[in-house]
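# Chain and residue survey
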Amino acid sequence: MESKAKISKIEQYIIDFIYKLRKEKNLNQADIATIIGVSRVFVTNVENPSNRAKYNIDHINALADHFGMSPRDFLPEKAII
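First, a word on what this report is: a plain description of the structure on this page.

### As for the overall build of the chain
- Helices and strands together make up the secondary structure of the chain, namely 4 helices and 0 strands.
- When the helices and strands of the chain are placed in sequence order, the string is α-α-α-α.
- By the compact-globule yardstick of 12 Å for 81 residues, the chain fits well, its C-alpha radius of gyration being 12 Å.
- Its C-alpha atoms put the chain at 40 × 30 × 20 Å along the principal axes.
- In the chain, 57% of the contacts between residues at least 6 apart in sequence involve partners at least 24 apart.
- Carbon and sulfur atoms provide 50% of the accessible area of the chain, an area that totals close to 5,600 Å².
- Taking the average place of the 12 positive charges on the side chains of the chain and the average place of its 10 negative ones, the gap between the two points comes to 6 Å.

Okay, here's the thing in structure tokens:
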């Protein structure tokens with residue numbers, strides 16, 4: 001039996017934000033992987049709810065730079081508890 005990996009609410013928010021951004025920009029997982037310097041499998045694992053992989057600050061910074069955004073744009077306006 002496979003159980004869902006423990007991902008905090010803030011981590012899930014960031015994963016969801018990047019997923020939506022990827023879809024809006026018509027990009028695939030390999031495109032995101034290239035931007036942040038990882039394998040496509042890593043992005044697949046991040047988007048898979050039964051995996052513990054997650055984006056880090058360097059990934060967020062690289063995506064923000066690529067899309068002309070601030071790293072702050074990847075975070076919610078208020079803390080998520």
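### Observations regarding helix 2 (residues 29-36)
- Along helix 2, the residues classified as buried are Gln-29, Ile-32, Ala-33, Ile-35 and Ile-36. Looking down the long axis of helix 2, one finds its buried residues gathered within 160° of arc, a one-sided arrangement.
- Buried-residue contacts for helix 2 involve helix 1 (9-24), helix 3 (40-47) and helix 4 (57-67).
- At the N-terminal end of helix 2, a side-chain oxygen is found 3.0 Å from the backbone nitrogen of Ala-30, two or three residues along, and the residue is Asn-28.

### Describing the pattern of salt bridges
- Enumeration over the complete set of coordinates arrives at 2 salt bridges.
- A salt bridge links Lys-54 to Glu-11; the shortest N-O distance between them is 3.4 Å. You can see Lys-54 sitting in the loop between helix 3 and helix 4 and its partner Glu-11 sitting in helix 1, a full 43 residues away along the chain.
- By relative accessible area, which is 25% here, Glu-11 ends up partly exposed.
- Between Glu-47 and Arg-22 there is a salt bridge, with the nearest N and O atoms lying 2.9 Å from each other. With Glu-47 in helix 3 and Arg-22 in helix 1, the pair connects residues that are 25 residues apart, well separated along the chain.

### Looking at the nonpolar core
- Of all hydrophobic cores here, the largest spans 17 residues; its most connected members are Ile-18, Ile-32, Ile-35, Ile-36, Tyr-55, Leu-63 and Phe-74.
- If you list the elements that add at least two residues to this core, you get helix 1, helix 2, helix 3 and helix 4.
- The residues touching Ile-36, leaving out its near neighbours within four places in the chain, are Phe-42, Tyr-55, His-59, Ala-62 and Leu-63.

### Observations regarding the packing of aromatic side chains
- One pass over the full model with this rule turns up 2 aromatic pairs.
- Ring geometry for Phe-17 against Phe-74: centres 4.9 Å apart, planes inclined by 65°, an arrangement best described as edge-to-face. In this pair, Phe-17 is assigned in helix 1 and Phe-74 in the segment after helix 4, connecting sequence segments 57 residues apart.
- Assessed through its relative accessible area of 0%, Phe-74 is described here as buried.
- Where Phe-42 meets Tyr-55, the ring centres are 6.3 Å apart and the plane angle is 75°; that geometry is what we call edge-to-face. On the criterion of sequence distance, the pair formed by Phe-42 in helix 3 and Tyr-55 in the loop between helix 3 and helix 4 is long-range, its members being 13 residues apart.

Cut-offs and rules
- Residues numbered from 1 in each chain as written.
- Predicted model: local features only at pLDDT ≥ 70, side-chain atom pairs only at ≥ 80, totals over all residues.
- Heavy atoms only, no water.
- Helix = DSSP H or I, 4+ residues; strand = E, 2+ residues; numbered from the N terminus.
- Rg over C-alpha atoms; globule rule 2.2 N^0.38 Å.
- Contact = heavy atoms within 4.5 Å.
- Areas by Shrake-Rupley, 256 points an atom, 1.4 Å probe, with all protein chains shown as cover.
- Lys, Arg positive; Asp, Glu negative; His and termini not counted.
- Charge placed at Lys NZ, Arg CZ, Asp CG, Glu CD.
- Buried < 20%, exposed > 50% of the residue type's maximum accessible area, 1.4 Å probe, protein only.
- Arc of directions from axis to C-beta.
- Polar contact = N/O pair within 3.5 Å; in protein donor to acceptor, adjacent residues only side chain to side chain.
- Salt bridge = Lys/Arg side-chain N within 4 Å of Asp/Glu carboxyl O.
- Core = buried A, V, L, I, M, F, W, Y, C linked by side-chain atoms within 4.5 Å.
- Phe/Tyr/Trp six-rings, centres within 6.5 Å; stacked < 30°, edge-to-face > 60°.

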